[in-house]
Amino acid sequence: MRIERIDDKTVKCFLSNEELEEYDIDYKDFVMRSDKAKEIVQEIMVHAEEEVGYKPPRFAFDLQIMMLPEKGLVLTFSEKDSEMKDGDQLIECLKEMKRLLQKTREKVNMIGAKEGDAQSDKAAAGNDAAKSVENNAGKAKKAAGSQPENRPGVAVFAFSGIGKVMEFAAALPSNLRVDSILYQMEDLFYLYLAKGHASYERYSRACIQALEFGGLYTADERQILLLQEHAQCLIAEKALKKLKG
């Protein structure tokens, strides 16, 4: 493990292939944020503080991963800026929409569980449910619309297998007009998902669904360029439509 101090807020850690084998870990653990990867990151932070005087941020840091073919990988840790970045902005928007949509589902399910009630009660409950759905949908749209005008419209999601990507594609509406490209690096599959001609609300819903089948890899353009450089492109356009069949 070799640690290099870049500046006050940034440090790099070089892990050789031998060290990765010793730790029984590889780059996909860091991409998928596995428990094993979190333990290694904590160990790296301790070494960085002892060896180069790096003070880990109190709350959070950005982690960039770069493969070194036949050598290992480089992990770059940098303190998050106080200003919200595209990736953070996208995640916050998705979290809010997911919370509101989940709340709507819970209310509808509660109403469905009362089907044994009198017809009049069911009718009243149905009206309440409709209002609840309408109100929560409005809140979700408002949450998405409350983001700044330069809302991020590009993200890459990582999946553990092609089957997961196909399941995600099958779960999406057939008329969803997003742009999508599929990449592969080692045994992970990366789906580039851009807003395209879809509304921001529909694009956000698609991103929320992607989190049910995989994990967010990045919404950072620099990381996307690195992926495009090192990964194999399997489907160059309309990946979701082609996988949906």
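Here the structure is a predicted model, which means the values were calculated and not measured.

Enquirer: What should I look at first to understand the overall build of the protein in this one?
Expert: Within the protein, the secondary structure is distributed over nine helices and nine strands. Classification of the 245 residues of the protein by burial places 40% in the buried group. Considering only contacts within the protein whose residues lie at least 6 apart along the sequence, 69% involve residues at least 24 apart. Carbon and sulfur atoms make up 49% of the accessible area of the protein, which totals about 14,100 Å².

Enquirer: Any chance you could explain the packing of aromatic side chains here in plain terms?
Expert: The description of an aromatic ring pair uses the distance of the two centres, along with the angle that the planes make with each other. Counting across every chain of the model gives four aromatic pairs. Judged by centre distance (6.0 Å) and plane angle (55 degrees), the rings of Tyr200 and Tyr203 are tilted. On the criterion of helical spacing, the pair formed by Tyr200 and Tyr203 is a turn pair, its members being three residues apart in helix H7 (residues 200-213). Residues Tyr200 and Tyr203 agree in their burial class; the two are buried. Counting every residue linked through ring pairs, the aromatic cluster contains Phe159, Phe168 and Phe213.

Enquirer: Looking at this structure, how should I read the confidence of the model for the protein?
Expert: Detailed reading of the predicted model is not advised wherever pLDDT is low. For the protein, the mean per-residue pLDDT works out to 76, and 69% of the residues sit at or above 70. No element of the protein has a lower mean pLDDT than helix H5 (residues 119-145), which averages 52, and none a higher one than strand S6 (residues 179-185), which averages 93. Taken together, the stretch residues 143-149 has pLDDT below 50 and engages in 10 contacts with residues farther than four places along the chain or on a different chain.

Enquirer: Sorry, what's going on with unusual backbone geometry here?
Expert: Negative phi values dominate among residues other than glycine, just as trans dominates among peptide bonds. In this structure, Glu186 is a non-glycine residue whose phi angle is positive, near 55 degrees. Its identity as a non-glycine residue notwithstanding, Lys238 has a phi of 50 degrees, on the positive side. Looking at the secondary structure, you find Lys238 in the loop between strand S9 (232-235) and helix H9 (239-244).

Enquirer: Would you take a moment to explain the packing of helix H6 (residues 162-171) against H7 for this structure?
Expert: For any two helices packed against each other, one specifies the inter-axial angle together with the distance between the axes. As a packed pair, H6 and H7 sit with axes 9 Å apart at the nearest point and diverge in direction by 145 degrees. As H6 runs across H7, the sense of the crossing is right-handed. For the pair H6 and H7, the contacting residues are Lys164, Glu167, Phe168 and Ala171 in the first and Ala206, Gln209, Ala210 and Phe213 in the second. Taken together, the residues of the contact of H6 with H7 break down into five nonpolar, one polar and two charged.

Enquirer: Before we go on, may I ask you to explain the environment of Tyr183 in this structure?
Expert: Counting through the fold element by element, Tyr183 comes out in strand S6. Remark: the alpha-carbon pair of Tyr183 and Val156, spanning 27 residues in sequence, is separated by 9.8 Å. Setting aside chain neighbours within four positions, we find Tyr183 in contact with Leu188, Phe189, Tyr190, Tyr192, Leu227, Gln228, Ala231, Gln232, Cys233 and Leu234.

Enquirer: Help me out: how do you make sense of the side chain of Glu19 in this one?
Expert: With respect to the helices and strands, Glu19 occurs in helix H1 (residues 17-23). Excluding its chain neighbours within four sequence positions, the residues that come into contact with Glu19 are Met1 and Phe14.

Enquirer: For this particular structure, what's the right way to read the sheet that holds S6?
Expert: Backbone hydrogen bonds hold the strands of a sheet together, and the pairing may be parallel or antiparallel. Read from one edge to the other, the open sheet built from five strands follows the order S8-S5-S7-S6-S9, with strand pairing classed as antiparallel. Single-partner strands in this sheet number two, and they are strand S8 (215-218) and S9. Between one strand axis and the next, the sheet turns by 35 degrees as a mean value, whatever way the strands run. Two elements, strand S5 (residues 154-159) and S8, share three bridges in a ladder whose sense is antiparallel. Opposite Ala158, over in S8, you have Gly215 as the bridge partner. Most of the contacts of H6 go to strand S7 (residues 188-194), to which it runs at about 30 degrees, and overall it touches S5, S6 and S7.

Enquirer: What is the right way to read the nonpolar core from this model?
Expert: Most often, soluble globular proteins keep nonpolar side chains buried together rather than apart. The biggest cluster of nonpolar side chains holds 35 residues, and the ones touching the most others in it are Phe30, Leu75, Phe77 and Tyr190. Of the residues forming this core, the biggest block, six residues, is contributed by helix H3 (residues 35-52). Each residue touching Leu75, except ones within four places of it in the same chain, is listed here: Val11, Lys12, Cys13, Leu15, Phe30, Ile44, Leu63, Gln64 and Ile65.

Rules used throughout
- Each chain has its residues counted from 1, following the order in which its sequence is written.
- The model is predicted, so local features are restricted to residues of pLDDT at least 70 and side-chain atom pairs to those at 80 or more, both for listing and for counting; the totals for chains, interfaces and linings are taken over all residues.
- Hydrogens and waters are ignored; side-chain quantities use all the structure's heavy atoms.
- Each helix is a run of DSSP H or I of at least 4 residues and each strand a run of E of at least 2, with the numbering of both proceeding from the N terminus.
- Only protein chains enter the accessibility calculation, which uses a 1.4 Å probe; a residue whose area is less than 20% of its type maximum is buried, one above 50% is exposed, and one in between is partly exposed.
- What makes two residues a contact is simply this: any of their non-hydrogen atoms within 4.5 Å.
- In short, Shrake-Rupley with a 1.4 Å probe defines the accessible areas, and a residue's cover is counted only from the protein chains shown.
- Under the pairing criterion, centres of Phe, Tyr and Trp rings, with the six-membered ring standing for Trp, must be within 6.5 Å; the plane angle then separates stacked pairs below 30 degrees from edge-to-face pairs above 60, leaving the rest tilted.
- Per-residue confidence from the predictor is reported as pLDDT, a score between 0 and 100.
- Note on method: axes are straight lines fitted to C-alpha atoms, helices fitted across the in-contact stretch only, with angles between N-to-C directions ranging 0 to 180 degrees.
- By definition, turning the near helix anticlockwise from the far helix through less than a right angle yields a left-handed crossing, and turning it clockwise yields a right-handed one.
- Three categories are distinguished: nonpolar for Ala, Val, Leu, Ile, Met, Phe, Trp, Tyr, Cys and Pro, charged for Asp, Glu, Lys and Arg, and polar for the others, with Gly belonging to the last.
- Whether two strands pair depends on DSSP finding at least two bridges between them.
- The nonpolar core is taken to be a set of buried Ala, Val, Leu, Ile, Met, Phe, Trp, Tyr and Cys residues, with the residues joined through side-chain atoms within 4.5 Å.

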